[in-house]
Amino acid sequence: MTARLTIITNHPARAVLAVLGVETAPAWLAIVTTLEGVRALPAGAKVIGQWFEPRKHRSALEWAFQTRRLQGDLIGLSLEDCDRLAAWAARHCAHATLDSSLAAATNGMVISERRIS
């Protein structure tokens, strides 16, 4: 199965829990934790970077993600994507932390990364 969403993170278990509200990643989710993995993502991949350190401690993984994102070939999550994740979580008795309630905070923009310190 091709991944419909990729989380790029240095803490996979925490990231799946933070994004989807579950402990085990579903088959449609890919987790990338290496520089090579970021470089190998296909153009147009739907991604979210999930970071757990203060911004001043950016890892090489985070820099690689930001470089790819600035090139414009990785796609972040739209508010509709966030609502689909929230609906999936509700069907699986989980609590996704991404939904359209973020519209005010993001001015309706695509969400491509989050930081939880």
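On a predicted model such as this, the values are computed, not experimentally measured, just so you know.

The rules behind the values
Residues numbered from 1 in each chain as written. Predicted model: local features only at pLDDT ≥ 70, side-chain atom pairs only at ≥ 80, totals over all residues. Heavy atoms only, no water. Helix = DSSP H or I, 4+ residues; strand = E, 2+ residues; numbered from the N terminus. Buried < 20%, exposed > 50% of the residue type's maximum accessible area, 1.4 Å probe, protein only. Contact = heavy atoms within 4.5 Å. Areas by Shrake-Rupley, 256 points an atom, 1.4 Å probe, with all protein chains shown as cover. pLDDT = per-residue confidence, 0-100. Pairing = 2+ DSSP bridges. Core = buried A, V, L, I, M, F, W, Y, C linked by side-chain atoms within 4.5 Å. Expected span 1.5 Å × (residues − 1). Right-handed = clockwise from strand over helix to strand, strands pointing away.

1. Looking at the overall build of the protein
- The number of helices and strands found in the protein is five helices and five strands.
- Among the 117 residues that make up the protein, the fraction classed as buried is 41%.
- For the protein, the proportion of contacts with a sequence separation of at least 24, taken over those separated by at least 6, is 74%.
- Approximately 6400 Å² of the protein is accessible, and the part contributed by carbon and sulfur atoms is 58%.

2. Thoughts on the confidence of the model for the protein
- Scored by pLDDT, the protein has a mean of 82; 80% of the residues are at 70 or more.
- For the protein, helix α5 (residues 103-106) is the element with the lowest average pLDDT, namely 50, and strand β2 (residues 29-32) is the one with the highest, namely 96.

3. Observations concerning the pairing of strand β1 (residues 5-9)
- Among the five residues in β1, five count as buried, and that is most of the element.
- Relative to β2, β1 runs parallel, the two being bridged by four bridges. Note that in β2 the partner of leucine 5 across the bridge is leucine 29.
- Of the pairings in the sheet, the one linking β1 to strand β3 (residues 45-51) comprises four bridges and is parallel in character. Directly across from isoleucine 7, in β3, lies its bridge partner isoleucine 48.

4. Quick word on the nonpolar core
- Core analysis: the largest hydrophobic core is formed by 18 residues, its most contacted members being Leu5, Leu20, Trp28, Leu29 and Leu85.
- Secondary structure elements with two or more residues in this core: β1, α1 (12-20) and α4 (79-91).
- Sorting elements by how many residues they give to this core places α1 first, with five residues.

5. A short note on α4
- Along its 13 residues, α4 runs 18 Å from first to last C-alpha, staying within 8% of the 18 Å computed at 1.5 Å per residue.
- Listed in full, the buried residues belonging to α4 are Leu79, Asp81, Cys82, Leu85, Trp88 and Ala89.

6. A look at the environment of cysteine 93
- Within the secondary structure, cysteine 93 sits in the loop between α4 and α5.
- In this structure cysteine 93 comes out as exposed when scored by relative accessible area, which is 77%.
- A sequence separation of 72 residues divides cysteine 93 from glycine 21, and the C-alpha atoms of the two residues are 8.7 Å apart.

7. Re the pairing of β3
- Within β3, six of the seven residues are buried, which leaves it mostly tucked inside the rest of the structure.
- Pairing of β3 with strand β4 (residues 74-75), which is carried by two bridges, proceeds in the parallel orientation. If you follow lysine 46 over to β4, its bridge partner there is isoleucine 75.
- The handedness of the β3 to β4 crossover, carried by helix α3 (residues 60-71), is right-handed.

8. What to know about α1
- Ala15, Val16, Ala18, Val19 and Leu20 are the residues of α1 that are buried.
- Positive phi appears at glycine 21, one or two residues downstream of α1, with a value of about 80°.

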